[in-house]
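Each chain is listed here by its residues.
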Amino acid sequence: MCWELYPILAVNFYAPWCYWSKRLKPSWEKAAKTMRERYDPEMDGCILLAKVDCTEEVELCRRHHIQAYPSIRIFHKGSDVR
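Please read all numbers here as calculations on a predicted model, not as lab measurements.

Peer 1: How should the side chain of aspartate 53 be read in this particular structure?
Peer 2: Along the chain, the position of aspartate 53 falls in strand β2 (residues 47–53). Salt bridges are absent for the buried aspartate 53, whose nearest opposite-charge side chain, lysine 51, sits at 8.7 Å. Filtering out sequence-adjacent residues up to four positions away, aspartate 53 remains in contact with Tyr14 and Pro16.

Peer 1: Sorry, what's going on with unusual backbone geometry here?
Peer 2: It is generally the case that most residues other than glycine have a negative phi and that most peptide bonds are trans. Cis geometry is found at the peptide bond from tyrosine 69 to proline 70, where omega equals -15°. Mapped onto the fold, proline 70 is located in the loop between α3 (58–63) and β3 (71–76). Backbone geometry places histidine 65, a non-glycine residue, at a positive phi of 60°. By the secondary structure assignment, histidine 65 is in the loop between α3 and β3. Relative accessible area serves as the criterion here: at 51%, histidine 65 is assigned to the exposed category.

Criteria and cut-off values
Residues numbered from 1 in each chain as written. Predicted model: local features only at pLDDT ≥ 70, side-chain atom pairs only at ≥ 80, totals over all residues. Heavy atoms only, no water. Helix = DSSP H or I, 4+ residues; strand = E, 2+ residues; numbered from the N terminus. Buried < 20%, exposed > 50% of the residue type's maximum accessible area, 1.4 Å probe, protein only. Lys, Arg positive; Asp, Glu negative; His and termini not counted. Salt bridge = Lys/Arg side-chain N within 4 Å of Asp/Glu carboxyl O. Contact = heavy atoms within 4.5 Å.

Below, the structure written as structure tokens:
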């Protein structure tokens, strides 16, 4: 990830089989697309929406203590904001 370019990162940790992850997917993708199309990171701020498939990135999800899906975490300059 590009922490320098996007100091604020919102990550959707999901599982493709999960009902609630499936429900969130269209809204999350629409919001991410809108952010990319309408906002210039250099001019408007640096926020990125990302997603992680926990069935493929098992260790990454374990490191971030993901226990339910979907889980949305906010990172500021690479650190999890809790």
